[in-house]
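Here is how the chains run, residue by residue.
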Amino acid sequence: MATTDQSGQVRSNHDIRAPGSDFDPPGRPAGTSETVDLATALAAYRAMVIGRRFDVQATVLAKQGSLSVYPSSYGQEACQVGVVLALRPTDWVFPTYRDSVAVVTRGVDPVETLTLLTGDWHCGYDPMASRTAPHCTPLATQAPHAVGLALAARCTGDDTVALALCGDGATSEGDFHEALNLAAVRSAPVVFVVQNNGYAISVPFAKQTRATSLAYRAVGYRMPGVRVDGNDLLAVHSAVTAAVDRARRGSGPTLIEAVTYRIAPHTNSDDPSRYRDAAEVEWWRGHDPIRRLAAHLRRHGVLDDDVQLRIDADAEAFADRTRRGVRGRPAPDPADLFAHVYATPTPQLARQARQLAAEIAGNAEPEET
Amino acid sequence: MTAPAQPDPTGTIGIAPGMTLAKALNRALHDEMSHDERVVVFGEDVGRLGGVFRVTDGLAARFGDQRCFDTPVAESAILGMAIGMALYGLRPVVEMQFDAFAYPAFEQLASHLAKMRNRTRGAVSLPVVVRVPYGGGVGGVEHHSDSSEAYAAHTPGLHVLTPGTVEDAYGMLRAAVRGADPVVFFEPKRLYWSVADRALPAEVAPVGRAVIRRAGTHATLVAYGPTVPIALAAAELGTAEGYDLEVIDLRSLVPFDEQTVHESVRRTGRAIVVHEASGFAGFGAEVVARICEECFHHLEAPVRRVTGFDIPYPPPRLERFHLPSVDRVLDAVSSLWRDQ
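Residues numbered from 1 in each chain as written. Chains lettered and ligands numbered in written order. Predicted model: local features only at pLDDT ≥ 70, side-chain atom pairs only at ≥ 80, totals over all residues.

What chain B contains, in helices and strands, is 12 helices and 12 strands. Dimensions of chain B, computed from the C-alpha atoms along their principal axes, are close to 65 × 45 × 40 Å. (Helix = DSSP H or I, 4+ residues; strand = E, 2+ residues; numbered from the N terminus.)

Below you can see the structure in the form of structure tokens.
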């Protein structure tokens, strides 16, 4: 819940300035720049700019009716990108419905990324090819999947790491706790990243837990718990990299809480004016992760107006590709409804498939039985 | 109890006369783990203890902690982990200790295990077996005797199997482990100690086929799992009253072998479905509906159900009033001719 302190500054009590944390002024990322080289930081910056442009485009498409719904991650780009860039292509990531920017950063086609949200199908990409699980909608249920996959990889002799994303809301779910405990007990090569964006739809962090940090959860499971400024790409990337390395070494799981903020509504059909102050949102806009990283990169001379123009052009091209792809996509095939329920359709399903095909063909004669 | 047969070169042991159903399941797991190193077994108390019903006895010692291990008491994460493992190419077999203790895993079952193939248009298969000891008749206190098969059968994407004999327990579990789709494998608790009464071939049973356990001409009794012996006993006793009853053991609720059921009912003209679960919206309702839809003009009498009452499962001292009995089945049989 947001409060106004004596200086008139709006403070959210999930904010990074909790006791014991550092929060540098806007434009100066927390002191981790030595752990992320400038080339990586610039690549991340580019992915964040492209990711935000994609996110804005998706929200527009939702408002235009091309998507059924779109849960935006506007303002969470440091988390979305910092996490993905800390992984190898052979590692697995388990995203939630709010992690479409992470999915495209993973290299998944933007239109295939949005298939769930266009309503064409539940998942548009091949998880096996991209080592990216389908967007998970039921909260925290993907966390045990990540643990299982990590254990299977180890069992197979691979050094694959699994990374599960979730939000602060999901940490109230039983599966979150069960997954953390099992990961710790079996020392699974898995990393849990909680993007604490302050709200479970409308319920502020303070009403979700009495804890001042979700990273404390790790203590009870005897794994490292790390709290980072989730609007600081360098902080997120270095924390996740360290946790992934640790998992790959066989030293077990890590819980990372990345404190960030959901600038946008829960989805395009949400009305946040009913539960939060505009001033709070403005405060967080002032701590924008993209602007902060840009300042860092300009200070180090790797970002200038020319580079920015090229990145902006790439972002426009990506948005254009997304827009054209979504608008020009073929209609979903009703035959798919029956084709993948089982490896081999049951006789009953085969009959229903024929019935629907006949209906569509305008020939809904009852079949001989 | 006869001595176990010698393992064949592939490590397969098979089953022998005198073996209990629980032991046959144990042998099936052993043989599949020998056959395929991707098969892993985990759950609550399945390691050193060998499971509360000893179905996993000896597997941890034989195959090691990576392939058979105990988990914390966390049914949802047990199944969730199995999903993640299957995503990476393993074939997990998880044990839910008791029927009602599997409910915390229902979200993983219904929202992920059942849907992943469909969600990914076939890109992801989840060959996971969820073993659920189910049903009553063993004097279990509350939460130890539920029949939860209808919840699974109502969820598209799951195969739902339940053996009624020792031989099927072995063959069907092996088939379940080898399948391409997730299977909820319901093990009738009260048959765990039933024994094979003859030499049994160590075969992998076909999934999705019902079997006629006893041929007859007057009426068809449709049973599965714990009610198969009840139906067979009723058919046996029924001969004294002049009834010649056919008994079908469904074995597979999903896929449902309607062909075997319909052909039988078309011959006999009468049918009774027998299950332990409450009748209201139970699996028997589906069987009856299909018989009425597909065999109506062959029916000589209304199709009946003999099921548990529509009550929460009773305490041990009252469960005998709830469970379908041989007498109750025979009463239903005689009612098929009552109005003629």
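Next comes the rest of the account.
Moving on to the overall build of chain A. If you tally the helices and strands in chain A, you get 15 helices and nine strands. A buried classification covers 49% of the 369 residues belonging to chain A. In chain A, 75% of the contacts between residues at least 6 apart in sequence involve partners at least 24 apart. (Buried ≥ 20, exposed ≤ 12 C-beta atoms within 10 Å, placed from the backbone. Contact = placed C-beta atoms within 7 Å.)

Attention now moves to the confidence of the model for chain A. Detailed reading of the predicted coordinates is not advisable wherever pLDDT is low. All names here are of chain A. Within chain A, residue pLDDT values average 91, and 89% of them lie at 70 or more. Predicted confidence is poor over residues 1–13, with pLDDT under 50, and the contacts of this stretch with residues over four places away or in other chains come to 20 contacts. Within the model, pLDDT remains below 50 along residues 17–32, and this stretch shows 27 contacts once partners closer than five positions in the same chain are excluded. (pLDDT = per-residue confidence, 0-100.)

This part takes up the interface of chain A and chain B. Listed by partner, the interface residues are 36 residues for chain A and 36 residues for chain B. Residue assignment for the side of chain A that touches chain B shows that the elements contributing at least two residues are helix 6 (127–130), helix 7 (143–156), helix 8 (174–185) and helix 14 (336–339) of chain A. The element best represented in the side of chain A that touches chain B is helix 7 of chain A, accounting for 11 residues.

You can see L87 of chain B is positioned in helix 3 (residues 75–87). Separated by 38 residues in the primary sequence, L87 of chain B and S125 of chain B have C-alpha atoms spaced 7.3 Å apart. The contact partners of L87 of chain B, leaving out residues within four places of it in the chain, are H145 and L149 of chain A together with V124 of chain B.

Looking now at the sheet that holds strand 5 (residues 190–196) of chain A. Residues and elements named next belong to chain A. Reading across the sheet, the five strands line up as 3-4-5-9-8 and stay open at both edges, with parallel pairing between neighbours. Both outer strands of the open sheet, strand 3 (92–94) and strand 8 (225–229), are each paired with one neighbouring strand and no more. Here the average twist between neighbouring strands, direction ignored, is 20°. Summarising the sheet, strand 3 and strand 4 (residues 162–167) pair through three bridges and their orientation is parallel. By the bridge assignment, W92 is partnered in strand 4 with A162. Sheet contacts for helix 10 (residues 233–248): strand 5, strand 8 and strand 9 (254–259); angle to strand 9, the most-contacted strand, approximately 170°. (Pairing = 2+ DSSP bridges. Axes fitted to C-alpha atoms, helices over the stretch in contact; angles between N-to-C directions.)

This next bit is on the pairing of strand 4 (residues 129–134) of chain B. It is a general feature of regular strands that their side chains alternate between the two faces of the sheet. All names here are of chain B. The buried fraction of strand 4 amounts to six of the six residues, a majority that puts the element mostly inside the structure. Side chains V129, R131 and P133 project from strand 4 onto one buried face, and the interleaved V130, V132 and Y134 project onto a second face that is buried too. As paired elements, strand 3 (residues 91–95) and strand 4 share three bridges and run parallel to each other. Note on strand 4: the bridge partner recorded for V94 is V130.

Glancing now at the nonpolar core. Generally speaking, nonpolar side chains in soluble globular proteins are found buried as a group. The biggest cluster of nonpolar side chains holds 201 residues, and the ones touching the most others in it are V147, L163, V190, V191 and I256 of chain A together with L221 and A231 of chain B. Here this core takes 11 residues from helix 1 (residues 38–63) of chain A, the largest share from any one element. If we skip the residues at most four places from it in the chain, V191 of chain A touches V161, L163, V240, A243, V244, A247, P253, T254 and I256 of chain A. (Core = buried A, V, L, I, M, F, W, Y, C linked by C-beta atoms within 7 Å.)

Residues and elements named next belong to chain A. Packing of helix 1 against helix 12 (residues 289–299) brings their axes to within 10 Å, and their N-to-C directions diverge by 150°. As summarised for this structure, helix 1 and helix 12 are arranged roughly antiparallel, according to the angle between their axes. Helix 1 and helix 12 meet at a crossing whose hand is left-handed. Taken together, the residues of helix 12 that come into contact with helix 1 (itself represented by A41, L42, Y45, M48, V49 and R52) are P289, I290, L293, A294, H296 and L297. Taken together, the residues that form the contact of helix 1 with helix 12 break down as 10 nonpolar, one polar and one charged. (Parallel < 35°, antiparallel > 145°, perpendicular 65-115°, else oblique. Left-handed = near helix turned anticlockwise from the far one by under 90°. Nonpolar A, V, L, I, M, F, W, Y, C, P; charged D, E, K, R; others polar.)

Bringing the packing of helix 8 (residues 228–238) of chain B against helix 12 (residues 326–335) of chain B into the picture now. All names here are of chain B. As a packed pair, helix 8 and helix 12 sit with axes 9 Å apart at the nearest point and diverge in direction by 60°. When the axis of helix 8 is compared with that of helix 12, the two are oblique. Judged by the twist between their axes, the crossing of helix 8 over helix 12 is right-handed. Here helix 8 contributes I230, A231, A233, A234, L237 and G238 to the contact with helix 12, which in turn contributes V326, V329, L330 and V333. Of the residues in the contact of helix 8 with helix 12, the class split is nine nonpolar, one polar and no charged.

Residue and element names in this part refer to chain B. Among the five residues of strand 9 (residues 245–249), five are classified as buried, and the element is accordingly described as predominantly covered. Of the two faces of strand 9, the one carrying L245, V247 and D249 and the one carrying E246 and I248 are both buried. When strand 7 (residues 211–214) meets strand 9, the two strands line up antiparallel, connected through three bridges. From the neighbouring strand, I212 faces strand 9, where its bridge partner is I248. Taken together, strand 8 (residues 219–223), helix 8 and strand 9 constitute a β-α-β crossover, and its handedness is right-handed. (Right-handed = clockwise from strand over helix to strand, strands pointing away.)

A few words on helix 8 of chain A. If you check helix 8 of chain A, its first and last C-alpha atoms are 16 Å apart, about what 12 residues at 1.5 Å a residue would give, namely 16 Å. Where the residues of helix 8 of chain A are buried, they touch helix 7, strand 4, strand 5, helix 9 (217–221) and strand 9 of chain A together with helix 3 of chain B. At the C-terminal side of helix 8 of chain A, S187 of chain A shows a positive phi close to 50°. (Expected span 1.5 Å × (residues − 1).)

All right, on to unusual backbone geometry then. V254 of chain B connects to P255 of chain B through a cis peptide bond whose omega is -5°. Mapped onto the elements, P255 of chain B comes out in the loop between strand 10 (252–254) and helix 9 (258–268). Here the phi dihedral of S187 of chain A falls at roughly 50°; this positive angle occurs in a residue that is not glycine. Along the polypeptide, S187 of chain A turns up in the loop between helix 8 and strand 5. Positive phi, normally seen in glycine, also occurs at I201 of chain A, with a value near 50°. Looking at the element boundaries, I201 of chain A is found in the loop between strand 6 (199–200) and strand 7 (203–204). Since 14 C-beta atoms lie within 10 Å of it, I201 of chain A is described here as partly exposed.

Moving on, we come to helix 1 of chain A. For helix 1 of chain A, which comprises 26 residues, the first-to-last C-alpha distance of 37 Å matches the rise-based estimate of 38 Å (1.5 Å per residue) to within 8%. Phi turns positive, to about 95°, at G65 of chain A, one or two residues after helix 1 of chain A.

Residue and element names in this part refer to chain B. As summarised here, the arrangement of the five strands in space is 7-9-8-11-12, forming an open sheet in which the pairing is mixed. Each of the sheet's edge strands pairs with one partner strand only, and the pair in question is strand 7 and strand 12 (304–308). Ignoring which end each strand starts from, the neighbouring axes of this sheet average 25° apart. The pairing of strand 8 with strand 9 spans five bridges and is classified as parallel. Among the inter-strand pairings, T220 is bridged to a residue of strand 9, identified as E246. Where helix 12 meets the sheet, it contacts strand 8, strand 9, strand 11 (271–278) and strand 12, and its direction lies at approximately 165° from that of strand 12.

Let's shift gears to the environment of D126 of chain A. Along the chain, D126 of chain A turns up in the loop between helix 5 (115–118) and helix 6. For the pair D126 of chain A and C136 of chain A, spaced 10 residues apart in sequence, the C-alpha separation works out to 14 Å.

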